[in-house]
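Residues per chain are reported as follows:
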Amino acid sequence: MTTSLVRRVQDLVREHYVFADRADAIAAALDDLDLPGDPASAAELLTTSLLHQSGDLHLRVRHYPDGVPPEQDEETVRAYWSEQARRTAGGVASVRRLDGGAGLMELAPVLPPSEDAAPYVAAGFALLAGVDRLVIDLRGCVGGSPETVALVVSHLVGPEPVHLQDLVGRDGDREAFWTDPAVARLHPDVSVTVLTSARTFSGGEELAYDLQALGRATVVGETTGGGAHPRRGFDLTDALQAHVPVARSVNAVTGGNWEGSGVVPDVACPAGQALERALGR
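Every value quoted in this text rests on a predicted model; they were computed, and no experiment measured them.

Here we come to the sheet that holds strand 7 (residues 163–169). Spatial strand order, 8-7-13: three strands in an open sheet with antiparallel pairing. The open sheet has two edge strands with one neighbour each: strand 8 (174–178) and strand 13 (247–251). Neighbour to neighbour, the strand axes of the sheet diverge by 20° on average, direction disregarded. Sheet topology places strand 7 next to strand 8; five bridges connect them, and they run antiparallel. Note that in strand 8 the partner of Val168 across the bridge is Arg174.

Bringing the packing of helix 5 (residues 114–127) against helix 6 (residues 146–154) into the picture now. Viewed as axis vectors pointing N to C, helix 5 and helix 6 meet at an angle of 20°, and their least axial separation amounts to 10 Å. Taken together, the axis directions place helix 5 and helix 6 in an arrangement best described as roughly parallel. Crossing geometry of helix 5 relative to helix 6 is assigned as right-handed. Of the residues in helix 6, those touching helix 5 at Ser114, Ala117, Ala118, Val121 and Phe125 are Glu147, Thr148, Leu151 and Val152. A class-by-class count of the residues in the contact of helix 5 with helix 6 yields six nonpolar, two polar and one charged.

The subject of this paragraph is the sheet that holds strand 12 (residues 240–245). The sheet built from three strands is open, its strands ordered 1-12-11 with antiparallel pairing. Here the strands that pair on one side only, and so sit at the sheet edges, are strand 1 (60–63) and strand 11 (231–235). Within this sheet the neighbouring strands show an average axis-to-axis angle of 30°, counted without direction. In terms of strand pairing, strand 1 meets strand 12 through four bridges, oriented antiparallel. Among the inter-strand pairings, His63 is bridged to a residue of strand 12, identified as Leu240.

Its place among the elements puts Asp210 in helix 7 (residues 203–213). Buried and without a salt bridge, Asp210 has Arg174 as its closest oppositely charged side chain, separated by 13 Å.

What follows is about the pattern of salt bridges. Using the criterion set out here, one finds eight salt bridges in the structure. For Arg78, the salt bridge goes to Glu115, with nearest N and O atoms at 3.1 Å. Here Arg78, found in helix 4 (residues 74–88), pairs with Glu115, found in helix 5; they are 37 residues apart in sequence, far enough to count as distant. Using a relative accessible area of 35% as the deciding quantity, one classes Arg78 as partly exposed. Taking relative accessible area as the criterion, Glu115 reaches 53% and is therefore assigned exposed. Across the salt bridge formed by Glu83 and Arg87, the nearest N and O atoms sit 2.9 Å from each other.

Per the stated rule, a full pass over the model turns up three aromatic pairs. An angle of 85° between the planes, with centres 5.4 Å apart, marks the rings of Tyr80 and Trp81 as edge-to-face. The exposure class of Trp81 is partly exposed, given its relative accessible area of 28%.

Moving on to the nonpolar core. Ranked by internal contacts, the top residues of the largest apolar core, which has 35 residues, are Leu107, Phe125, Leu134 and Ile136. Residue assignment for this core shows that the elements contributing at least two residues are strand 3 (102–107), helix 5, strand 5 (133–137), helix 6, strand 9 (191–196) and helix 7. A total of five residues in this core trace back to one element, the largest contributor, which is helix 6. Contacts of Leu107, omitting those with residues within four sequence positions, involve Gly91, Val92, Ala93, Ile136, Asp137, Leu138, Gly140, Cys141, Val152 and Leu207. One finds Val9, Tyr17, Leu50 and Phe234 within the second-largest nonpolar core, a separate group that totals 23 residues.

Parameters at a glance
Residues numbered from 1 in each chain as written. Predicted model: local features only at pLDDT ≥ 70, side-chain atom pairs only at ≥ 80, totals over all residues. Heavy atoms only, no water. Pairing = 2+ DSSP bridges. Helix = DSSP H or I, 4+ residues; strand = E, 2+ residues; numbered from the N terminus. Axes fitted to C-alpha atoms, helices over the stretch in contact; angles between N-to-C directions. Parallel < 35°, antiparallel > 145°, perpendicular 65-115°, else oblique. Left-handed = near helix turned anticlockwise from the far one by under 90°. Contact = heavy atoms within 4.5 Å. Nonpolar A, V, L, I, M, F, W, Y, C, P; charged D, E, K, R; others polar. Buried < 20%, exposed > 50% of the residue type's maximum accessible area, 1.4 Å probe, protein only. Lys, Arg positive; Asp, Glu negative; His and termini not counted. Salt bridge = Lys/Arg side-chain N within 4 Å of Asp/Glu carboxyl O. Phe/Tyr/Trp six-rings, centres within 6.5 Å; stacked < 30°, edge-to-face > 60°. Core = buried A, V, L, I, M, F, W, Y, C linked by side-chain atoms within 4.5 Å.

Here it is in structure tokens:
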């Protein structure tokens, strides 16, 4: 079982990893692995070995003791994310109006697909109408859909569509992401501050990076985790799933991304002090 599991992960890396020229070397790093029988320990060892060779935090094997989340059947995946959005209010964890004309929107833990997140995001920004400054708290945001990232940015930029990024697959195919001028927008004079932590990852990082690159927000807090490669999930067992990056993010402003480096804050401080710094307290 352990040998077939290792070979399955190796095959997935060779077939799907975003950088085809590196896939063989990454897969070969698993050749001599002797996996323990415990699924959680096996996932940890596989992930450690993959990370050591690739440096890619999205390339991993995850253990789901309650069963792997759906990845293959479109209808099942859709139902799963609809339920997640219902449970987490579409990733809009909280919205508050603060003293002094400030507003605070906390996005966590994950931004689900835009079709599920849109009503919650719209409601959040409706509650923030009229604020003079906005703080977006991404300290607990560990992932999310690029479409939903674009949706959030849409509420903060002007009436013309803005090109945010492309996802480029290993075959060179590109998928472009733009803002939607049809959504209600905050006044352009509203200043925006984004809070980050070392835990902020993936889709949370993209939101911070996009707003920083556009010059629309000041980032306050800690350098983020450094994962910019969207991934696909492949079931290995009922409790183990391989996550393999299949594309890279290319920001429309910088031409690069935050992979490995993280989003570097404009104002560096411990994450626990970021809100106070942002509000000037």
